[in-house]
Amino acid sequence: EQMQDWRDAAVRAVRRLRPRCLLEIGVGSGLLLRELAPDCAEYWGTDFSAPTIETLHSAVRSQPWADRVTLRTQPAHATEGLPQRYFDTVVLNSVIQYFPDAAYLLEVLRKVLPLLAPGGSIHLGDVRNQALLPYFAAAVELARADGTESADAIRERVRRATLSERELLLAPEFFTGLAGRLPGVTGVDIELGRM
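Residues numbered from 1 in each chain as written. Predicted model: local features only at pLDDT ≥ 70, side-chain atom pairs only at ≥ 80, totals over all residues. Heavy atoms only, no water.

### Quick notes on the environment of Ala-41
With respect to the element layout, Ala-41 can be found in the loop between helix H2 (31–36) and strand E2 (42–47). In the structure, Ala-41 is positioned 104 residues away from Ala-145 in sequence and 51 Å away in space, judged by C-alpha atoms. Residues within four places of Ala-41 in sequence aside, it is in contact with Arg-20 and Arg-68. (Helix = DSSP H or I, 4+ residues; strand = E, 2+ residues; numbered from the N terminus. Contact = heavy atoms within 4.5 Å.)

### Here we look at unusual backbone geometry
Look at Arg-18: it is not a glycine, yet its phi comes out positive at around 55 degrees. You can see Arg-18 is positioned in the loop between helix H1 (2–15) and strand E1 (21–25). In this structure Arg-18 comes out as exposed when scored by relative accessible area, which is 69%. A positive phi is found at Arg-85, a non-glycine position, where the angle reads about 50 degrees. Mapped onto the elements, Arg-85 comes out in the loop between strand E3 (69–73) and strand E4 (87–93). (Buried < 20%, exposed > 50% of the residue type's maximum accessible area, 1.4 Å probe, protein only.)

### Some words on the pattern of salt bridges
Where charged atoms from two side chains of opposite charge approach closely, those side chains can pair. Tallied over the entire structure, the rule returns 13 salt bridges. A salt bridge links Arg-7 to Glu-35, with the shortest nitrogen-to-oxygen separation between them at 3.8 Å. Of the two residues, Arg-7 sits in helix H1 while Glu-35 sits in helix H2, which places them 28 residues apart along the sequence. Take Arg-7: its relative accessible area is 17%, and that puts it in the buried class. Note that Arg-157 and Glu-149 form a salt bridge whose closest N and O atoms lie 3.7 Å from each other. Under the relative-accessibility criterion, Glu-149 is labelled partly exposed at 26%. (Salt bridge = Lys/Arg side-chain N within 4 Å of Asp/Glu carboxyl O.)

### Regarding the state of the cysteines
Under the defined criterion, the tally for this structure stands at zero disulfides. Considering cysteine sulfurs only, Cys-40 is the nearest to Cys-21, which forms no disulfide, with 8.1 Å between them. Judged by its relative accessible area of 11%, Cys-21 is buried. Given the relative accessible area of 3%, Cys-40 is considered buried. (Disulfide = S-S within 2.5 Å.)

### A few points about the packing of aromatic side chains
All chains considered together, the criterion is met by five aromatic pairs. On the basis of an interplanar angle of 90 degrees and a centroid distance of 5.3 Å, the ring pair of Tyr-86 and Phe-87 is categorised as edge-to-face. Note on Tyr-86: relative accessible area 32%, which makes it partly exposed. For Phe-87, a relative accessible area of 0% puts it in the buried group. Ring geometry for Phe-174 against Phe-175: centres 5.1 Å apart, planes inclined by 85 degrees, an arrangement best described as edge-to-face. Across this residue pair, the class does not change: Phe-174 and Phe-175 are buried. Of the aromatic side chains, those joined through ring pairs into one cluster are Trp-44, Tyr-86 and Phe-87. Between Arg-181 and the ring centre of Phe-174, over which it is positioned, the NZ or CZ distance is 4.9 Å. (Phe/Tyr/Trp six-rings, centres within 6.5 Å; stacked < 30°, edge-to-face > 60°. Lys NZ or Arg CZ within 6 Å of the ring centre and 35° of its normal.)

### Side note on the sheet that holds E4
With parallel pairing, five strands are arranged side by side in an open sheet as E3-E2-E1-E4-E5. Bordering the open sheet on either side are E3 and strand E5 (116–125), each of which pairs with just one other strand. The average angle at which neighbouring strand axes cross in this sheet is 15 degrees, direction not considered. Pairing of E1 with E2 involves five bridges; the strand directions are parallel. Each bridged residue has a counterpart across the sheet, and for Glu-24 the counterpart in E2 is Gly-45. Lying on the sheet, helix H3 (residues 50–61) is in contact with E2 and E3; it crosses E3 at an angle near 160 degrees. (Pairing = 2+ DSSP bridges. Axes fitted to C-alpha atoms, helices over the stretch in contact; angles between N-to-C directions.)

Structural data, given as structure tokens:
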């Protein structure tokens, strides 16, 4: 139920951009594709996992909109073979949390910008706020606590959880600074996700 709510919120956010020719980088199992492709003139999806793309090919093949879907195996930073100045919407939803660092995300964005048609939009979804990580870790550890641990023990677990976080988390300021760092970025909208 929570996964369906998450997907529905992501679909609504992308639909607000009114995509007609959409590129999804990190298409994964196709959670967004299944909802958005029927309304698009073209839907392109890339993913670094060949087995994932093959499975998705098989699932899409039987759909009435299959002829409008192009799936490719390639990592996020590889834009070779993708048409320039073509897509009105590029989506990177959830995939960026698996990027190694913010520099890699900037590299991907630099390579994606030339793929956008004039006036096009990039949707970065499901980005976790770095500033909130200690609070999230504290909430998790407090929920796990059985009432016998000391505050110091819980604080130490929070500290370890924060230090061992492997997903990419970013401060909102990273995004507000994009217009100054990436030529072609003319505006940034930041929306809070519902929890």
